[in-house]
Amino acid sequence: MKFLILMGSPRKSGNTAAFVQPFIDRLSQLGAETEYVALADLRIEHCKGCGHCQDVQDAYGCLIHDDMETVVEKIGRADCLVLATPIYSWHCTSQMKALMDRHYGMNKYYGSATGSLWEGKALALITTHGYAAAYANSPLEDGTKRLCKHSKLRYLGLCSARDLGTGERFMTPEAEADARVFAEELVKRMDSPEHSEKEIIIEGKRFHDMEGFYREMGRLLNHDPDFQPGHNLDALNDLLCGGFGAVAPGDFLTIRWHDFTKSLQDLSAENVQKIIQVMESSRPNNGCVVNTKD
Ligand SMILES: Cc1cc2nc3c(=O)[nH]c(=O)nc-3n(C[C@H](O)[C@H](O)[C@H](O)COP(=O)(O)O)c2cc1C
């Protein structure tokens, strides 16, 4: 099993590089092959949108001859691509975006050529960010999930660590443990042929306080008559990890929270923040993303 880790920070010894290291170490311990590439060492020009690649059958076909050619060869040999990037302006860095845009020749959808050069491969995200995880990561993760669906790649999830910017050491024992656990989860997910994506919709108008919220989560996630979930965050974590009806272990979750402003008022911003934190970091991690709207 081969993992290609593409690291998109301009800081080659920055937070993202540090966060990726225990992830790579754990993959190697588990017997996976890894290859690490810092995009800062490469010259990857911007896609010009000329469409030439769409008429080149069975080859990448880009007219720009730069280091993307080597990256494409490496992608061809990898089973799983890991895009590691700091969040810059609610997305990846421009170094990573240039690479992502140059995916174009991998899919032959818009010209005389047909097929795909990377269909069936897996892709995962690793990020570091300043803001809280859900707020910082969701635009990049949503877009990446769509890119995967469009390109017929298996999206395997996201692992991230927060840079509090306080001048404290970025790599905490928790960040290191998260990176290692994510490596273990990816190896497991690569071994399981398929996973399914589940969507859970929380209707904020169905509850008015924390008790009501927990009851509603029980209704949405627990279809097991023998299990009575507690009304606390630990029980919520257990429900999210699956096995009680609505979610199976290993499923990837998208939670859509409607009437979110009402819930902020009903439950308090502090409680909602804690709830979202549990949702997005439930163990074992299910790649859960929370989208909120009114
Ligand atoms: C230009 C720039 C833009 C940033 N934009 C965001 C942002 O939109 N959201 C966020 O959560 N953090 C943002 N950050 C914080 C970085 O994501 C964070 O410090 C990260 O850990 C830096 O990783 P690195 O050391 O690998 O470069 C930004 C940092 C920089 C320098």
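The model shown is predicted, which means the values in this text are computed figures rather than measured ones.

Enquirer: In this structure, what is going on with the site of the ligand? I would like to understand it.
Expert: Close contacts around the ligand come from 16 residues, with Gly-14, Thr-16, Pro-86, Thr-128 and Gly-130 the closest. Those elements giving two or more residues to the shell around the ligand turn out to be helix H1 (15–29) and strand E4 (122–129).

Enquirer: Whenever I open this one, the sheet that holds strand E8 (residues 289–292) confuses me. Can you help?
Expert: Where strands meet in a sheet, backbone hydrogen bonds hold them as pairs that are either parallel or antiparallel. If you walk across this open sheet you meet the three strands as E6-E7-E8, and the pairing is parallel. Two strands in the sheet have a free side with no partner beyond their single neighbour: strand E6 (197–203) and E8. Across this sheet, the average inter-strand angle for adjacent strands is 20 degrees, counted without regard to direction. As judged from the four bridges shared by strand E7 (residues 252–258) and E8, these two strands associate in the parallel manner. The partner of Thr-254 across the bridge, within E8, is Val-289.

Enquirer: Quick question: what am I supposed to make of helix H9 (residues 269–280) here?
Expert: The α-helix winds at 3.6 residues per turn, so residues separated by three or four positions along the chain end up facing the same way. In a regular helix each residue adds 1.5 Å, so 12 residues correspond to 16 Å; H9 covers 16 Å between its end C-alpha atoms and thus fits that length. Regarding H9, the residues found buried are Ile-275, Met-279 and Glu-280. Seen from one end, H9 has its buried residues packed into an arc of 125 degrees, which puts them on one side. Elements that come into contact with the buried residues of H9 comprise helix H4 (133–151), helix H7 (233–241), E7 and E8.

Enquirer: What am I meant to see in the sheet that holds strand E5 (residues 154–162) here?
Expert: Spatially, five strands are ordered E2-E1-E3-E4-E5 in an open sheet, and the strand pairing comes out parallel. Of all the strands in the sheet, the pair left with one neighbour each is strand E2 (33–38) and E5. Here the average twist between neighbouring strands, direction ignored, is 15 degrees. Both strand E1 (residues 2–7) and strand E3 (residues 80–86) contribute to a ladder of five bridges, which runs parallel. Across the sheet, residue Ile-5 finds its bridge partner in E3, namely Val-82. Seen against the sheet, helix H2 (residues 68–77) touches E1, E2 and E3 and runs at an angle of roughly 150 degrees to E1.

Enquirer: Would you explain unusual backbone geometry in this entry?
Expert: Across the chain, the bulk of peptide bonds are trans and the bulk of non-glycine residues have phi less than zero. The backbone phi angle of Ser-89 is positive, close to 50 degrees, even though this residue is not glycine. Structurally, Ser-89 is set in the loop between E3 and helix H3 (94–101). A positive phi is found at Ser-268, a non-glycine position, where the angle reads about 90 degrees. Assignment of secondary structure puts Ser-268 in the loop between helix H8 (260–267) and H9. On the basis of neighbour counts, which here come to 13 C-beta atoms within 10 Å, the residue Ser-268 falls in the partly exposed class.

Enquirer: Please explain the environment of Met-210 as it appears in this structure.
Expert: Assignment of secondary structure puts Met-210 in helix H6 (residues 210–221). Between the C-alpha atom of Met-210 and that of His-231, which follows or precedes it by 21 residues, the distance is 8.3 Å. Non-local contacts of Met-210, meaning those with residues more than four positions away in its chain, are made with Leu-267 and Asn-271.

Enquirer: What's the story with the domain arrangement of the chain in this structure? I'm lost.
Expert: Note on interface size: it is often stated as the accessible area lost on association of the parts. Each assigned domain of the chain is listed with its residue range as follows: domain 1 (2–191) and domain 2 (197–292). Taking only C-alpha atoms into account, the centre of domain 1 sits 29 Å from that of domain 2. In this assembly, eight residues from domain 1 lie in contact with nine residues from domain 2. Counting only elements with at least two residues in the side of domain 1 that touches domain 2, the list comes to H4, E5 and helix H5 (173–191). Grouping the amino acids of the side of domain 1 that touches domain 2 by side-chain chemistry returns four nonpolar, two polar and two charged.

Rules and cut-offs
- Residues numbered from 1 in each chain as written.
- Predicted model: local features only at pLDDT ≥ 70, side-chain atom pairs only at ≥ 80, totals over all residues.
- Near = placed C-beta within 6 Å.
- Helix = DSSP H or I, 4+ residues; strand = E, 2+ residues; numbered from the N terminus.
- Pairing = 2+ DSSP bridges.
- Axes fitted to C-alpha atoms, helices over the stretch in contact; angles between N-to-C directions.
- Expected span 1.5 Å × (residues − 1).
- Buried ≥ 20, exposed ≤ 12 C-beta atoms within 10 Å, placed from the backbone.
- Arc of directions from axis to C-beta.
- Contact = placed C-beta atoms within 7 Å.
- Domains from an automatic or database assignment.
- Nonpolar A, V, L, I, M, F, W, Y, C, P; charged D, E, K, R; others polar.

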